[in-house]
Amino acid sequence: MSVFLADEQGEELDLAGMRDLAELVLSSEGYPKETEVTLLFVDEDEMSSYNERFLNRTGPTDVLAFPVEDLLPGVAPDPDPTGPPLMIGDVIIAPAYVKRQSAELEVSFDDEMALMVTHGILHLMGYDHQVDDAASLMEGRETEILALVGKKRR
(Lines give C-alpha, C1' and ligand atoms only; values in the text may rest on other atoms or scores of the structure.)
Protein backbone atom coordinates (compact mmCIF):
# COMPACT_ATOMS: atom_id res chain seq x y z
CA MET A 1 0.00 0.00 0.00
CA SER A 2 1.21 3.50 -0.77
CA VAL A 3 -0.31 6.24 1.33
CA PHE A 4 0.87 9.68 0.34
CA LEU A 5 0.57 12.27 3.11
CA ALA A 6 0.65 16.05 2.84
CA ASP A 7 0.26 18.12 6.01
CA GLU A 8 -0.45 21.74 5.07
CA GLN A 9 -2.01 22.97 8.31
CA GLY A 10 -1.11 23.76 11.93
CA GLU A 11 -2.74 21.12 14.14
CA GLU A 12 -0.45 18.49 15.62
CA LEU A 13 -1.20 15.10 14.06
CA ASP A 14 0.05 11.55 14.40
CA LEU A 15 0.91 11.21 10.73
CA ALA A 16 2.43 7.74 11.14
CA GLY A 17 -0.78 6.60 12.84
CA MET A 18 -2.87 8.11 10.02
CA ARG A 19 -0.77 6.25 7.46
CA ASP A 20 -1.09 2.98 9.39
CA LEU A 21 -4.86 3.43 9.66
CA ALA A 22 -5.17 4.17 5.94
CA GLU A 23 -3.21 1.00 5.14
CA LEU A 24 -5.48 -0.96 7.50
CA VAL A 25 -8.61 0.35 5.78
CA LEU A 26 -7.23 -0.65 2.38
CA SER A 27 -6.08 -4.10 3.49
CA SER A 28 -9.24 -4.84 5.49
CA GLU A 29 -11.24 -4.25 2.32
CA GLY A 30 -9.00 -6.65 0.40
CA TYR A 31 -7.32 -4.04 -1.80
CA PRO A 32 -4.13 -5.07 -3.57
CA LYS A 33 -0.79 -4.02 -2.10
CA GLU A 34 -0.21 -1.84 -5.18
CA THR A 35 -3.08 0.47 -4.16
CA GLU A 36 -2.33 4.19 -3.73
CA VAL A 37 -4.26 6.84 -1.83
CA THR A 38 -3.50 10.43 -0.80
CA LEU A 39 -4.36 11.99 2.56
CA LEU A 40 -4.17 15.78 2.50
CA PHE A 41 -4.53 17.74 5.76
CA VAL A 42 -5.47 21.40 5.20
CA ASP A 43 -6.59 24.44 7.17
CA GLU A 44 -10.21 25.57 7.18
CA ASP A 45 -9.69 28.29 4.56
CA GLU A 46 -8.29 25.75 2.11
CA MET A 47 -11.09 23.29 2.93
CA SER A 48 -13.67 26.04 2.32
CA SER A 49 -12.07 26.63 -1.06
CA TYR A 50 -12.29 22.94 -2.01
CA ASN A 51 -15.85 22.68 -0.69
CA GLU A 52 -17.01 25.66 -2.74
CA ARG A 53 -15.04 24.83 -5.89
CA PHE A 54 -16.03 21.17 -6.15
CA LEU A 55 -19.33 20.86 -4.25
CA ASN A 56 -20.77 24.38 -4.48
CA ARG A 57 -21.04 24.52 -0.67
CA THR A 58 -20.05 27.47 1.49
CA GLY A 59 -17.62 27.13 4.38
CA PRO A 60 -15.36 24.37 5.63
CA THR A 61 -16.27 20.77 6.32
CA ASP A 62 -14.53 17.90 8.07
CA VAL A 63 -13.63 15.59 5.18
CA LEU A 64 -13.91 15.45 1.40
CA ALA A 65 -13.18 12.46 -0.82
CA PHE A 66 -12.31 12.64 -4.49
CA PRO A 67 -12.36 9.17 -6.06
CA VAL A 68 -10.39 8.41 -9.20
CA GLU A 69 -12.10 5.09 -9.90
CA ASP A 70 -15.79 4.13 -9.86
CA LEU A 71 -15.64 1.35 -7.25
CA LEU A 72 -18.24 -0.80 -5.54
CA PRO A 73 -18.39 -1.10 -1.75
CA GLY A 74 -16.93 -4.35 -0.49
CA VAL A 75 -15.53 -5.32 -3.91
CA ALA A 76 -11.77 -4.95 -4.25
CA PRO A 77 -10.65 -4.50 -7.84
CA ASP A 78 -8.28 -6.97 -9.46
CA PRO A 79 -4.93 -5.34 -10.16
CA ASP A 80 -3.51 -5.31 -13.66
CA PRO A 81 -0.07 -6.92 -13.19
CA THR A 82 1.29 -5.06 -16.22
CA GLY A 83 -0.42 -1.75 -15.48
CA PRO A 84 0.23 1.13 -13.12
CA PRO A 85 -0.67 0.95 -9.42
CA LEU A 86 -4.34 1.38 -8.54
CA MET A 87 -4.78 5.01 -7.46
CA ILE A 88 -8.18 5.25 -5.78
CA GLY A 89 -8.18 8.97 -5.00
CA ASP A 90 -7.61 11.76 -2.53
CA VAL A 91 -9.02 12.36 0.95
CA ILE A 92 -8.86 15.93 2.24
CA ILE A 93 -9.33 16.56 5.96
CA ALA A 94 -9.46 19.83 7.94
CA PRO A 95 -8.08 18.90 11.39
CA ALA A 96 -9.01 22.28 12.98
CA TYR A 97 -12.63 21.71 11.93
CA VAL A 98 -12.46 18.11 13.19
CA LYS A 99 -11.02 19.33 16.52
CA ARG A 100 -13.91 21.75 17.03
CA GLN A 101 -16.41 19.10 15.90
CA SER A 102 -14.99 16.53 18.32
CA ALA A 103 -15.34 18.99 21.23
CA GLU A 104 -18.96 19.73 20.26
CA LEU A 105 -19.71 15.99 20.03
CA GLU A 106 -17.77 15.25 23.23
CA VAL A 107 -15.58 12.63 21.57
CA SER A 108 -11.80 12.46 21.48
CA PHE A 109 -9.98 14.30 18.71
CA ASP A 110 -7.98 11.13 17.92
CA ASP A 111 -11.15 9.05 17.53
CA GLU A 112 -12.75 11.69 15.32
CA MET A 113 -9.64 12.02 13.13
CA ALA A 114 -9.52 8.22 12.79
CA LEU A 115 -13.18 8.27 11.74
CA MET A 116 -12.47 10.96 9.12
CA VAL A 117 -9.59 8.97 7.60
CA THR A 118 -11.66 5.78 7.56
CA HIS A 119 -14.79 7.54 6.29
CA GLY A 120 -12.92 9.30 3.50
CA ILE A 121 -11.18 6.17 2.25
CA LEU A 122 -14.41 4.17 2.35
CA HIS A 123 -15.99 6.87 0.15
CA LEU A 124 -13.15 6.35 -2.35
CA MET A 125 -14.05 2.65 -2.32
CA GLY A 126 -17.65 3.33 -3.31
CA TYR A 127 -19.29 3.40 0.14
CA ASP A 128 -21.90 6.10 0.65
CA HIS A 129 -24.42 7.28 3.22
CA GLN A 130 -27.11 8.98 1.13
CA VAL A 131 -29.71 6.24 1.68
CA ASP A 132 -30.37 4.28 4.86
CA ASP A 133 -29.19 0.84 3.68
CA ALA A 134 -25.95 2.23 2.26
CA ALA A 135 -25.41 4.36 5.37
CA SER A 136 -25.84 1.31 7.62
CA LEU A 137 -23.29 -0.62 5.56
CA MET A 138 -20.77 2.23 5.64
CA GLU A 139 -21.23 2.96 9.35
CA GLY A 140 -20.88 -0.75 10.14
CA ARG A 141 -17.56 -0.95 8.28
CA GLU A 142 -16.35 2.22 10.01
CA THR A 143 -17.18 0.75 13.42
CA GLU A 144 -15.46 -2.55 12.61
CA ILE A 145 -12.29 -0.95 11.24
CA LEU A 146 -11.99 1.61 14.03
CA ALA A 147 -12.39 -1.13 16.65
CA LEU A 148 -9.31 -2.85 15.17
CA VAL A 149 -7.23 0.14 16.30
CA GLY A 150 -9.03 0.78 19.57
CA LYS A 151 -11.03 3.76 18.29
CA LYS A 152 -14.74 4.45 18.59
CA ARG A 153 -17.22 5.67 16.04
CA ARG A 154 -19.45 8.40 17.44
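Residues numbered from 1 in each chain as written. Predicted model: local features only at pLDDT ≥ 70, side-chain atom pairs only at ≥ 80, totals over all residues. Heavy atoms only, no water.

J.: Before we go on, may I ask you to explain the packing of helix α1 (residues 15-28) against helix α4 (residues 109-124) in this structure?
T.: A pair of packed helices is captured by two measures, namely the crossing angle of their axes and the spacing between those axes. Taken N-terminus to C-terminus, the directions of α1 and α4 make an angle of 40 degrees; their axes are 10 Å apart at the nearest point. The orientation of α1 relative to α4 falls into the category oblique. Seen along the crossing, α1 lies across α4 with a hand that is right-handed. On α4, the residues that touch Met18, Leu21, Ala22, Val25 and Leu26 of α1 are Met113, Ala114, Val117, Thr118, Ile121 and Leu122. Within the contact of α1 with α4, the residues separate by chemical class into 10 nonpolar, 1 polar and no charged. (Axes fitted to C-alpha atoms, helices over the stretch in contact; angles between N-to-C directions. Helix = DSSP H or I, 4+ residues; strand = E, 2+ residues; numbered from the N terminus. Parallel < 35°, antiparallel > 145°, perpendicular 65-115°, else oblique. Left-handed = near helix turned anticlockwise from the far one by under 90°. Contact = heavy atoms within 4.5 Å. Nonpolar A, V, L, I, M, F, W, Y, C, P; charged D, E, K, R; others polar.)

J.: I tried to follow a negative patch on the surface on my own but got confused; where do I start?
T.: Taken together, the side chains of Asp7, Glu8, Asp43, Asp45 and Glu46 make up a negatively charged region of the molecular surface. Mapped onto the negative patch, the elements with two or more residues apiece are β1 (2-8) and α2 (44-55). (Patch = residues over 30% accessible without salt bridge, like charges linked within 9 Å, V, L, I, M, F, W, Y side chains within 5 Å. Areas by Shrake-Rupley, 256 points an atom, 1.4 Å probe, with all protein chains shown as cover. Salt bridge = Lys/Arg side-chain N within 4 Å of Asp/Glu carboxyl O. Lys, Arg positive; Asp, Glu negative; His and termini not counted. Charge placed at Lys NZ, Arg CZ, Asp CG, Glu CD.)

J.: What am I meant to see in the packing of α1 against helix α5 (residues 132-148) here?
T.: The contact between α1 and α5 brings their axes to 10 Å, and the two run at 125 degrees. With respect to their mutual orientation, α1 and α5 come out oblique. Handedness of the α1/α5 crossing: right-handed. Along the contact surface, α1 presents Leu21, Leu24, Val25 and Ser28, while α5 presents Arg141, Ile145 and Leu148.

J.: So what exactly am I meant to see when it comes to the sheet that holds strand β2 (residues 36-42) here?
T.: Two modes of strand pairing occur in sheets, parallel and antiparallel, and in both the strands are linked by backbone hydrogen bonds. Ordered in space as β1-β2-β4-β3, the 4 strands form an open sheet in which the pairing is mixed. Strands at the two margins of the open sheet, each flanked by one partner only, are β1 and β3 (63-67). Strand-to-strand twist across the sheet, computed as the mean angle between neighbouring axes with direction ignored, equals 15 degrees. Note that β2 and strand β4 (residues 87-93) share 6 bridges and pair parallel. Residue pairing for β4: Leu40 is matched across the bridge by Ile92. Relative to the sheet, α2 contacts β2, β3 and β4, its axis offset from that of β3 by approximately 50 degrees. In the packing of α4 onto the sheet, the strands contacted are β2, β3 and β4, and the crossing angle to β4 comes to about 145 degrees. (Pairing = 2+ DSSP bridges.)

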